[in-house]
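# Close look at the chain arrangement
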Amino acid sequence: MSYSANQLKNGLKVMVDGDPCSMQQVEFVKPGKGQAFTRVKMRNLLTGRVWERTFKSNESLEGADVVECDMEYLYKDGDMYNFMVPVTYEQYAVEESAVGDSAKWLKDNTTCIITLWNDRAIVVTPPNFVELEVTETDPGLKGDTAQGGSKPATLSTGALVRVPLFIEEGELLRIDTRTGEYVSRASKA
Amino acid sequence: MKYGPFLLGRTNILNIDLWQPSATIETLRKRGQLLADIRVFFALRDVLEVDVPVLSQAAVSDPFIDAMRVEYRHFVEDISSDFFLQSSPEYAMKRLLAAGSGCIYQMSKVFRNGEIGRKHNPEFTMLEWYRLDFDEHQLMDEVAHLIASVTAITGIQKLSYKAVFKHYLDLDINCASDELLAQTMRKHIEVIGDYDRDGWLNLLMSHCIEPQLKGAVFIYDYPASQAALAKVKQDCEGIAVAARFELFIDGVELANGYHELTDSYEQLRRFEADQQQRAQLNLPQRPIDMRLVEALSQGMPNCAGVALGVDRLLMIALKKEHIKEVLPFDIERA
């Protein structure tokens, strides 16, 4: 499937210089006198780079075979992260570079969105919220449950987050993975 | 609703979600009022409304405007001949001027292939008018009066083409090399391929300058190479420039005007240059409007003319983001 530049739409994935890229902002630019262009802000799905390029409107671009799929995180084996499609039990070994910063939120059985390009995992997106246990932090200050102030805490996955002063080791916390910020205490199941 | 058998094979119009207008009825009332106000403006100034054909045997020569081709037949089984939906009423209006019409305006639909986006619809409403014995600066004043009388927009700035490049990109267009233009462009946005000087100037204008233009601005004294159908004259430094202006409001290109070329030989030369550029770019050749050339040779009066996008004017006045919000039905719903 190929597209001409003036068929590009937000969210469409096409090949640019050999890499799959996702279109983020598309604008048709055509002065009354002058050539037509399609100005695009896009994201390289392999490197994460976001940049702007302008295409001649008749330039042709190959569609990228990119799909997103829910998968459960199983375990880490050397440099590879292993995921499984829950419905089919099909397993995927994902390279460290594709997991990137998401690694610090991965706990066994966490369901993530895996972006596949030609059946190769290229991006791992964790759920917006995860619940993780505090493994290390300074002792909590009793009674100080409402005031401001925070301290660092290490979570079971190795992630470091700022938490309120009253949090104790062993507590389960709800974290927003998009900002990396503490949200609340979570009740233990 | 049930569809009868006469609709079989016409499933393309059965996307029933798109039956509704793309503009609200409230906006369409304001649109109707705008069209009426514009007509009053010209009636008070004794400018005659005309309605020249939108279907013509000739098409615009500009290589970057693609006219829509229409098949005309004398009877259904006849071999068709090509007509073109006009991209502006300019050529026919100039023939009226040469025939002694005096000052005229037309407000009508025009058509341009492939132009679709937030600020473009392939069919749109253009207001075009010609004023005898005006130059481009007198016409800019009248454009400003029109805008002020039909919207709340007043106080339009005036800057030369040279001055906007200096101000926004720190480029002196009279000295800058093509390589420097390309480099400046690539600092802002990635561009593949190579362009001629006007190509780079247009890219810089449309991608780097226009989005930064705030409020209402006339830009005048375009490079002589971008004269289109404007006279070429000398600016205050003695450099040849086109007697052409454009109006931008909040970065949207709204109007394009000229102190009109009246020399038939020069007109023919520009048509031929456009045909050559079309050939170089592998674009289709279009029939040259020799009737316009002939009209100029009979004598077209000294005048200035301007074309203004009425839909865009309404978009700006009502602060709408997309042109479809001011059209009864955009192309997708047409």
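A brief look at the structure comes next. (Residues numbered from 1 in each chain as written. Chains lettered and ligands numbered in written order. Predicted model: local features only at pLDDT ≥ 70, side-chain atom pairs only at ≥ 80, totals over all residues. Heavy atoms only, no water.)

All names here are of chain A. Pairing is antiparallel in the open sheet, where five strands are placed in the order S9-S8-S7-S10-S11. Only two strands of the sheet have a single neighbouring strand rather than two, namely strand S9 (91-95) and strand S11 (120-125). Going from strand to strand, the sheet's axes swing by 45° on average, the running direction of each strand aside. For strand S7 (residues 66-77) and strand S10 (residues 111-117), the ladder comprises seven bridges, and the chain directions are antiparallel. (Pairing = 2+ DSSP bridges. Helix = DSSP H or I, 4+ residues; strand = E, 2+ residues; numbered from the N terminus. Axes fitted to C-alpha atoms, helices over the stretch in contact; angles between N-to-C directions.)

Residues and elements named next belong to chain B. Throughout the structure, instances matching the rule amount to zero disulfides over all chains. The cysteine Cys 208 is free of any disulfide, with Cys 175 supplying the nearest cysteine sulfur at 20 Å. Here Cys 236 is not cross-linked by a disulfide; its sulfur's nearest cysteine counterpart is in Cys 175, at 14 Å. (Disulfide = S-S within 2.5 Å.)

Quick look at helix H2 (residues 90-98) of chain B now. Residues and elements named next belong to chain B. Of the residues making up H2, those classed as buried are Glu 90, Tyr 91, Ala 92, Met 93, Lys 94 and Leu 97. Buried residues along H2 sit in contact with strand S5 (104-111), strand S6 (123-132), strand S12 (252-259), helix H7 (264-280), helix H8 (290-299) and strand S13 (303-309). Positive phi appears at Gly 100, one or two residues downstream of H2, with a value of about 95°. (Buried < 20%, exposed > 50% of the residue type's maximum accessible area, 1.4 Å probe, protein only. Contact = heavy atoms within 4.5 Å.)

Angle between the axes and distance between the axes: these two values describe a pair of packed helices. Residue and element names in this part refer to chain B. Two numbers describe how helix H5 (residues 178-188) lies on helix H6 (residues 197-209): the axes approach to 9 Å, and their chain directions differ by 30°. Here H5 lies roughly parallel to H6, going by the angle between them. Note that H5 runs across H6; the crossing there is left-handed. Facing Asp 178, Leu 181, Ala 182, Thr 184, Met 185, Arg 186 and His 188 of H5, the residues of H6 in contact are Arg 197, Trp 200, Leu 201, Leu 203, Leu 204, His 207 and Cys 208. By residue class, the composition of the contact of H5 with H6 is eight nonpolar, three polar and three charged. (Parallel < 35°, antiparallel > 145°, perpendicular 65-115°, else oblique. Left-handed = near helix turned anticlockwise from the far one by under 90°. Nonpolar A, V, L, I, M, F, W, Y, C, P; charged D, E, K, R; others polar.)

Attention now moves to the environment of Val241(B). Its place among the elements puts Val241(B) in strand S11 (residues 240-249). Excluding its chain neighbours within four sequence positions, the residues that come into contact with Val241(B) are Asp221(B), Tyr222(B), Ala224(B), Lys231(B), Val232(B), Lys233(B), Gln234(B) and Asp235(B).

Each partner contributes residues to the interface: chain B has 27 residues there, and chain A has 17 residues. Carbon and sulfur atoms make up 52% of the surface buried where chain B meets chain A, a total of about 2,100 Å² over both sides. Of the charged contacts in the structure, one is a salt bridge between Asp62(B) and Lys33(A), with a shortest N-O distance of 3.8 Å. Linking chain B with chain A are 11 residue pairs in polar contact (both at pLDDT 80 or more), by the criterion used here. Counting residues per element, the ones that place at least two in the side of chain B that touches chain A are strand S8 (190-191), H6 and S12 of chain B. Broken down by element, the residue count for the side of chain B that touches chain A peaks at four residues, all from H6(B). A class-by-class count of the residues in the side of chain B that touches chain A yields 12 nonpolar, seven polar and eight charged. Judged from the two bridges that link them, strand S5 (residues 50-56) of chain A and S8(B) form a sheet pairing that is parallel. (Buried area = accessible area lost by both parts, 1.4 Å probe. Salt bridge = Lys/Arg side-chain N within 4 Å of Asp/Glu carboxyl O. Polar contact = N/O pair within 3.5 Å; in protein donor to acceptor, adjacent residues only side chain to side chain.)

All names here are of chain B. Per the counting criterion, the structure on display carries 32 salt bridges over all chains. Put simply, Asp 172 and Lys 162 hold a salt bridge, and the shortest N to O gap is 3.7 Å. Of this pair, Asp 172 sits in the loop between helix H4 (161-169) and H5 while Lys 162 is found in helix H4, placing the two residues 10 residues apart along the sequence. Taking the relative accessible area as the measure of exposure, Asp 172 reaches 29% and is therefore partly exposed. For Lys 162, a relative accessible area of 25% corresponds to the partly exposed category. Between Asp 178 and Arg 197 there is a salt bridge, and its shortest N-O distance comes to 2.7 Å.

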